[in-house]
Structures are given as C-alpha cells and as structure tokens.
Amino acid sequence: EDQVTQSPEALRLQEGESSSLNCSYTVSGLRGLFWYRQDPGKGPEFLFTLYSAGEEKEKERLKATLTKKESFLHITAPKPEDSATYLCAVRSVFSGGYNKLIFGAGTRLAVHP
Amino acid sequence: DTGVSQNPRHKITKRGQNVTFRCDPISEHNRLYWYRQTLGQGPEFLTYFQNEAQLEKSRLLSDRFSAERPKGSFSTLEIQRTEQGDSAMYLCASRTGDTEAFFGQGTRLTVV
C-alpha cells in the first residue's frame, strides 16, 4: 500500500536558522512527488513537483530534492512568513488508476524572529 | 480570481441535518477531486471526477455521502444525516492532464 511519512511532526526555528524537512515514501510506480504549503484554515498551495531521483527544484528560500525513497525540503535562512504546515504527497501509477494524491501528515514549521 | 472556489467557507450544522458543499474548479480543468482533512492530518482522498463521470470513490465515502458534477463543471458534495465524526475541512482540487492539482480554500464543517 502506498504510504507517505513526514518528519519531524513539528519544527521550531529561529529566523535565519536553516534546516530540512523529510518525506519518506513507499509507492508502486511513482508518478510524481509533490510539496504543498498550507496556512491555518486555508487550502494547500502548490510548491514543487519532482519526478525522478536526483531531481531538484528551487523557489526563493526553498529547495526540494528527491531520492528513490525520500524527499527533502531544505529551507535556507527562513523568515517568520515561512511559518506554515508543509505537506508532502505522492501520485502513483497504481493509485486507484486515477492519480489521486496520497498525503503525509505534514510538518508544522514555526519560524521565530 | 481564476482559482478553485469553494462555498461556503464555514458551515455549522446540528447532528442529523443534511449539508451540501459546492466546488467551482478552474475552468479548463476536466479532473476534479474531493478530499477531507482532519486536524493534524494530511488530506485524505474521497472521490474523483473526470468531466461529469465519477470514476473513483474511497471506502471512506459512506452511503451518507454523495457527490455530483453535472455537465462536467461545478461539483457538489452532500452529506446526509451528519454525525460529529464528519467534522473536518472538505477540500476540492482540480487539474488537467498531468499537471499538479490546485486546491480551493476548503469548507470547514462543524457538526454540533
């Protein structure tokens, strides 16, 4: 069964303190790994899609990387406005045949000034 | 704004009442998904439409839940005889082809 596990559950950083969030996955035939950001009371906001091991994507202070078993979201010199829940999801070739996303529980990031 | 639109944003209902939520996807997106998210968890898949056809339903979707997408445009999700366990954020997402899914802001349901 397809499964996504994110760690840590919560992370507290000082402004400027770089760190990484982890997403471990087990999936039959990966058709994409997705990172979303979710603010309280809002819907998830798309950040990145990664398709194959070794692929990297960057956006401002965020950089996502992918291996055959996990993905990392690196946050460089974070600011308080980066505080949010970061969700990882996978799309499988065999996820019901209709490409639904399987999500992890997320990492709640708090960046303090 | 041409994003995914969901209404209402918040709904408080008494146990046993029926509720209906609406989702207006991005206009050119033919694929539409409903997810449910409880506190501290990631979204869980409920059902999927391609155009007007409902092609997949999760086992989470009990007989009290029904979804429609007439004419392949907007979609509705109805919950009959609501229970306290139905309290959650209901999210709609749409996409086309092999692109990423875009989510709406969700409908927060509270059953009292």
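Presented here is a report on the structure given in the accompanying data block. (Residues numbered from 1 in each chain as written. Chains lettered and ligands numbered in written order. Predicted model: local features only at pLDDT ≥ 70, side-chain atom pairs only at ≥ 80, totals over all residues. Heavy atoms only, no water.)

1. Quick look at the sheet that holds strand β1 (residues 5-7) of chain B
Note: strands within a sheet are paired through backbone hydrogen bonds, in either parallel or antiparallel orientation. All names here are of chain B. With respect to topology, four strands assemble into an open sheet ordered β1-β3-β8-β7, the strand pairing being antiparallel. For this open sheet the edge positions go to β1 and β7 (65-68), each flanked by a neighbour on one side alone. Going from strand to strand, the sheet's axes swing by 15° on average, the running direction of each strand aside. Where β7 meets strand β8 (residues 75-79), four bridges bridge the pair, whose relative direction is antiparallel. What sits directly across from Glu68, in β8, is Thr76. (Pairing = 2+ DSSP bridges. Helix = DSSP H or I, 4+ residues; strand = E, 2+ residues; numbered from the N terminus. Axes fitted to C-alpha atoms, helices over the stretch in contact; angles between N-to-C directions.)

2. Topic: the sheet that holds strand β3 (residues 19-26) of chain A
All names here are of chain A. Across the sheet, five strands lie side by side as β1-β3-β8-β7-β6; this open sheet has antiparallel pairing. Because the sheet does not close on itself, it has two edges, and the strands there are β1 (3-7) and β6 (56-59). Strand after strand, the sheet turns through a mean of 15° between neighbouring axes, direction not considered.

3. Quick notes on the layout of surface pockets
Volume-wise, the second largest pocket comes out at about 430 Å³. In this structure, the second largest pocket is lined by 20 residues; those nearest its centre are A:Gln38, A:Thr85, B:Gln37, B:Leu39 and B:Gly40. With three residues, the single largest contributor to the lining of the second largest pocket is strand β9 (residues 84-92) of chain A. Taken together, the residues of the lining of the second largest pocket sort by class into six nonpolar, nine polar and five charged. (1 Å grid on protein atoms, 1.4 Å probe; cavity = no way out; pocket = protein on both sides within 12 Å on 5 of 7 lines; lining within 4 Å. Points joined across faces, edges and corners; volume = space filled by probe spheres on them. Nonpolar A, V, L, I, M, F, W, Y, C, P; charged D, E, K, R; others polar.)

4. Regarding the environment of A:Val90
All names here are of chain A. Within the fold, Val90 resides in strand β9. Taking the C-alpha atoms as reference points, Val90 and Tyr25, separated by 65 residues in sequence, lie 7.7 Å from one another. In this view, Val90 contacts Val4, Tyr25, Val27, Leu30, Gly32, Leu33, Lys100, Leu101 and Ile102; residues no more than four positions away in its chain are not counted. (Contact = heavy atoms within 4.5 Å.)

5. Section: the pairing of strand β11 (residues 107-111) of chain B
It is a general feature of regular strands that their side chains alternate between the two faces of the sheet. Residues and elements named next belong to chain B. Residues Thr107, Leu109 and Val111 of β11 are buried on one face, while the alternating residues Arg108 and Thr110, pointing to the opposite face, are not. Relative to β11, strand β2 (residues 10-13) runs parallel, the two being bridged by four bridges. In the sheet register, Lys11 faces β11, and the bridge partner there is Leu109. As paired elements, strand β9 (residues 88-95) and β11 share three bridges and run antiparallel to each other. Counterpart to Tyr90 in the pairing with β11 is Thr107. (Buried < 20%, exposed > 50% of the residue type's maximum accessible area, 1.4 Å probe, protein only.)

6. Observations regarding the nonpolar core
All names here are of chain A. Membership of the largest hydrophobic core comes to 24 residues, with the highest contact counts inside it found for Leu33, Trp35, Leu73 and Tyr86. Within the residue set of this core, elements represented by two or more residues are β2 (10-14), β3, β4 (30-38), β5 (45-50), β7 (62-66), β8 (70-75), β9 and β11 (107-112). Counting residues per element, this core draws most heavily on β9, which supplies four residues. Once residues lying within four places of it in the same chain are set aside, the contact partners of Tyr86 are Gln6, Leu21, Trp35, Tyr36, Arg37, Leu47, Leu62, Leu73, Gly106, Thr107 and Leu109. (Core = buried A, V, L, I, M, F, W, Y, C linked by side-chain atoms within 4.5 Å.)

That is the geometry; function is a separate question.
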